[in-house]
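If you want the building blocks of each chain, they are given just below.
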Amino acid sequence: MKRKNVTTPIMNIVEYWEGKIDECDLNVDWSEANERCWRCGYKRKLQRCHIIPDTLGGEDAPYNLVLLCDQCHKEAPNVQDSKFMWDWIKSYHAPFYDTFWNKRALDEYENIYNRKFIQELEERNIVTYHAYRAFMKLKIGKKSYHFGEPYGNLSTLVGELKMRLNTFDNKYKNRKYKSDKLIQKEKDFENFTDKLCYICYENKWSVWEGNTKNPFSICISAFYPNHNKMIGIGVHIDIKGHYKICYTTETNPNNIPLQNYSIDLGNNMNQIIEHIKEAVNKYNQKYGEPDLDTAYFVSDPIWAHNSNILCKDKHDKD
């Protein structure tokens, strides 16, 4: 018997469930529920999936349909229970977009090797955002997908993780990314960066971290449209651990010569943060409202994938 095509419009399904299911329990916001899978949260071509299968009497109607990608649709339950579909979808809740399959790959890694992937990273001193980013940039062996499948399955994702570890071990013969001393410096810098980002979030400034020419440097900046003026505050940590700053019109710290960082603020974190906070407040009071188009070019993924809501939630939880 030929299966009937589902005809209910996608937006009708979204509109029906939007007022009935709390998006905090899902992997998708209702504002994007017509383009992101309700189970994994990835932006993919969506399929209309029956809650109760049509073969078991389920109707082609909004109350009996959810929107899933092809991968999740294949794993969806086929049972005559109108509530179980939602139990299944909610059980995979992830706090951020595009992390669902990676999280499942980590679980699968532990299943295969009887140890957590995070343990593998910690043994190699990959415990900072900078270290992890360097790890993810390693050139590894190729991967492919099964014919007709546009996305990698779990075993392929786990295989990629294993190849990355093997490549790391071949590059770092002592199996350590950096010494404990340098890792601590990265941790301190990331902590400082987080505090700066929050200052900028509150004051509508932008942040740009130096990762190429000038490591351990960062620049915060704001553009004041009413005065057509750009203000920047550059910060660089020298080899002694002193925080040196400069006032500039540059936004990229990689473009600031090291000799320009002429103001030495020492290494008292609280005093340095207060100094910068006072400077930011002074400029905002003098020039008015900064341009609202802010950006965060930093290693911390919470800020780098910034939406202002994400940034605020991060600190509300802290």
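Residues numbered from 1 in each chain as written. Predicted model: local features only at pLDDT ≥ 70, side-chain atom pairs only at ≥ 80, totals over all residues. Heavy atoms only, no water.

### Notes on the overall build of the protein
- What the protein contains, in helices and strands, is 11 helices and 8 strands.
- When its C-alpha atoms are laid out on the principal axes, the protein stretches across 80 × 55 × 30 Å.
- Among the 318 residues that make up the protein, the fraction classed as buried is 43%.
- Taking all contacts inside the protein whose residues are at least 6 apart in sequence as the whole, residues at least 24 apart take part in 60%. (Helix = DSSP H or I, 4+ residues; strand = E, 2+ residues; numbered from the N terminus. Buried < 20%, exposed > 50% of the residue type's maximum accessible area, 1.4 Å probe, protein only. Contact = heavy atoms within 4.5 Å.)

### Focus: the nonpolar core
- In this structure, Trp38, Val66, Leu68 and Trp86 are the most contacted members of the largest nonpolar core, which totals 45 residues.
- Of all elements in the fold, only α1 (10-18), β2 (65-68), α3 (84-90), α4 (100-113), α5 (117-123), α6 (129-136) and α7 (154-171) reach the threshold of two or more residues within this core.
- For this core, the element with the highest residue contribution is α7, accounting for 6 residues. (Core = buried A, V, L, I, M, F, W, Y, C linked by side-chain atoms within 4.5 Å.)

### Here we look at the sheet that holds strand β7 (residues 263-264)
- In space, the 6 strands of this open sheet follow the order β7-β6-β5-β4-β3-β8, with mixed pairing throughout. For this open sheet the edge positions go to β7 and β8 (296-297), each flanked by a neighbour on one side alone.
- Note: strand β3 (residues 206-210) against β8, 2 bridges, orientation parallel. What sits directly across from Trp208, in β8, is Phe297.
- Sheet contacts for helix α9 (residues 269-287): β4 (217-224), β5 (229-237) and β6 (243-248); angle to β5, the most-contacted strand, approximately 175 degrees. (Pairing = 2+ DSSP bridges. Axes fitted to C-alpha atoms, helices over the stretch in contact; angles between N-to-C directions.)

### Side note on the confidence of the model for the protein
- Looking at the protein, the pLDDT average stands at 90 and 94% of residues meet or exceed 70.
- Counting contacts from residues 307-318, a segment whose pLDDT is below 50, to residues more than four positions away or on other chains yields 16 contacts. (pLDDT = per-residue confidence, 0-100.)

### Remarks on the environment of Ile126
- You can see Ile126 is positioned in the loop between α5 and α6.
- For the pair Ile126 and Val6, spaced 120 residues apart in sequence, the C-alpha separation works out to 48 Å.

### Points about the environment of Ser91
- With respect to the helices and strands, Ser91 occurs in the loop between α3 and α4.
- Using a relative accessible area of 52% as the deciding quantity, one classes Ser91 as exposed.
- Placed 71 residues apart in sequence, Ser91 and Lys162 show a C-alpha to C-alpha distance of 27 Å.
- There is a polar contact of 2.7 Å between the side chain of Ser91 and the backbone oxygen of Trp88. (Polar contact = N/O pair within 3.5 Å; in protein donor to acceptor, adjacent residues only side chain to side chain.)

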